[in-house]
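# Tertiary structure, described
Each chain, letter by letter, is given below.
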Amino acid sequence: MNYENLKIPNHVGIILDGNGRWAKSRGLNRSAGHKAGYENLKELCVHILDVGVKYLSVYAFSTENFKRSEEEVGYLMNLVAKKFKSDAKFFMKNDVKVVFSGVRENLRKDVLESMDYVTNLTKDNKKGVFNVCINYGGHLELTDMTKKISKLVKEDKIKIEDINEELISKSLYQDLPPIDFLIRTSGEQRVSNFMLWQLSYAEFYFPKVHFPDFNKEEFNKALIEYTKRDRRFGGINYETKSN
Ligand code: IPE
Ligand code: IPE
Ligand code: MG
């Protein structure tokens, strides 16, 4: 693959969907799908940052996912508490800085400990940022940002006139650039409450493949598609033939 001819997005978002359907189609239980999804994510994350993407945000567990069975939620939380923690070395070796977005409330102590451990260990890594959204909801992020800014106003640290887009971005869970390219695997064409502020001008891509099968080759296909997109940001690209 010659990456020089491709446009490389600065920030990629992935809604990791279809682990359950992947497992079902193989006669396996949902947990097996989540395990396969996790193993794929690890390798894919390094590939995505290796090709020059600087930020990768993934939707791993939404605030709404607590509606699932105790067994399924427990399995997903164990992946974070155990696998993710033991993979800290893997992220160190690959120079990946791991951060998390979401709320700590309702997360188990061992899950929080694992998240803190990986965050601290990888904080100086330079290849790129891997932002993992756990117990995350887009509406909740905007609500929490509003509370954070209101508190600054109330405590006379800023004036209402100081509120601008930059301050809003900085007051979200992580201060990240806008998402350029959003991928949702498994064919569903919806955002499901993922990074609403950051997606404002993102290009969307909905491959049919389930997440555990969304490998490097599939990502490379996605990059070819992204390269073809004509991003305008409300203006007009007068150099494009179709104009
Ligand atoms: C994505 O796969 C993983 C999480 C939401 C945690 P799903 O578990 O949503 O898989 P499907 O959509 O049921 O196939
Ligand atoms: C979105 O997937 C959340 C994550 C991938 C973590 P869901 O499978 O939960 O979304 P819906 O319910 O199909 O919208
Ligand atoms: Mg799903």
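Residues numbered from 1 in each chain as written. Chains lettered and ligands numbered in written order. Predicted model: local features only at pLDDT ≥ 70, side-chain atom pairs only at ≥ 80, totals over all residues. Heavy atoms only, no water.

### Quick word on the overall build of the chain
- The secondary structure content of the chain amounts to eight helices and six strands.
- Overall, the chain shows an N-to-C arrangement of helices and strands of β-α-α-β-α-α-β-α-β-α-α-β-β-α.
- The C-alpha atoms of the chain give 19 Å as radius of gyration, which agrees with the globular expectation for 243 residues (18 Å, within 12%).
- Along the three orthogonal principal directions, the C-alpha set of the chain runs to about 55 × 55 × 35 Å.
- Scored against the burial criterion, the 243 residues of the chain give a buried share of 48%.
- Counting 39 positive and 34 negative side-chain charges, the chain places the centres of these two groups 3 Å from one another. (Helix = DSSP H or I, 4+ residues; strand = E, 2+ residues; numbered from the N terminus. Rg over C-alpha atoms; globule rule 2.2 N^0.38 Å. Buried < 20%, exposed > 50% of the residue type's maximum accessible area, 1.4 Å probe, protein only. Lys, Arg positive; Asp, Glu negative; His and termini not counted. Charge placed at Lys NZ, Arg CZ, Asp CG, Glu CD.)

### Concerning the site of ligand 1
- The environment of ligand 1 is made up of 13 residues, and the closest members are Leu16, Asp17, Arg21, Arg30 and Arg68.
- For ligand 1, an oxygen atom lies 2.9 Å from a polar atom in the side chain of arginine 30.
- Here an oxygen atom of ligand 1 sits 2.7 Å away from a polar atom, N or O, in the side chain of arginine 68.
- The fraction of the free accessible surface of ligand 1 (380 Å²) that becomes covered by protein chains is 87%.
- For the shell around ligand 1, the elements supplying multiple residues, two or more each, are helix H1 (19-24), helix H2 (30-50) and helix H3 (70-86).
- Classifying every residue of the shell around ligand 1 by side-chain character gives three nonpolar, five polar and five charged. (Near = heavy atom within 4 Å. Polar contact = N/O pair within 3.5 Å; in protein donor to acceptor, adjacent residues only side chain to side chain. Areas by Shrake-Rupley, 256 points an atom, 1.4 Å probe, with all protein chains shown as cover. Nonpolar A, V, L, I, M, F, W, Y, C, P; charged D, E, K, R; others polar.)

### Points about the pairing of strand E1 (residues 11-15)
- Of all five residues making up E1, five are buried, and the element is well covered by its neighbours.
- Bridge count for E1 against strand E2 (residues 55-62) is five bridges, and the pairing is parallel. Of the residues in E2, the one forming a bridge with histidine 11 is tyrosine 55.
- Relative to strand E5 (residues 181-184), E1 is paired through four bridges, and the arrangement is parallel. (Pairing = 2+ DSSP bridges.)

### Here's the deal with the site of ligand 2
- What surrounds ligand 2 is the set Ile15, Leu16, Asp17, Tyr59, Ala60, Phe61, Ser62, Asn65, Arg68, Arg184, Arg190 and Ser192.
- Taking asparagine 65, its side chain carries an N or O atom lying 2.9 Å from an oxygen atom of ligand 2.
- Within the side chain of arginine 68, one N or O atom sits 3.3 Å away from an oxygen atom of ligand 2.
- Here the shell around ligand 2 gets four residues from one element, more than from any other, and that element is E2.

### Considering the sheet that holds strand E6 (residues 203-205)
- If you walk across this open sheet you meet the six strands as E3-E4-E2-E1-E5-E6, and the pairing is parallel. The sheet terminates laterally at strand E3 (96-101) and E6, the two strands that pair on one side only. The average angle at which neighbouring strand axes cross in this sheet is 20°, direction not considered.
- Where H2 meets the sheet, its contacts fall on E1, E2, E3 and strand E4 (128-136), and the angle it forms with E2 comes to roughly 155°. (Axes fitted to C-alpha atoms, helices over the stretch in contact; angles between N-to-C directions. Contact = heavy atoms within 4.5 Å.)

### Description of the side chain of glutamate 203
- In this fold, glutamate 203 is placed in strand E6.
- Residue class for glutamate 203 comes out buried when judged on its relative accessible area of 15%.
- Only 3.1 Å separates the side chain of glutamate 203 from the side chain of arginine 229, close enough to count as a polar contact.

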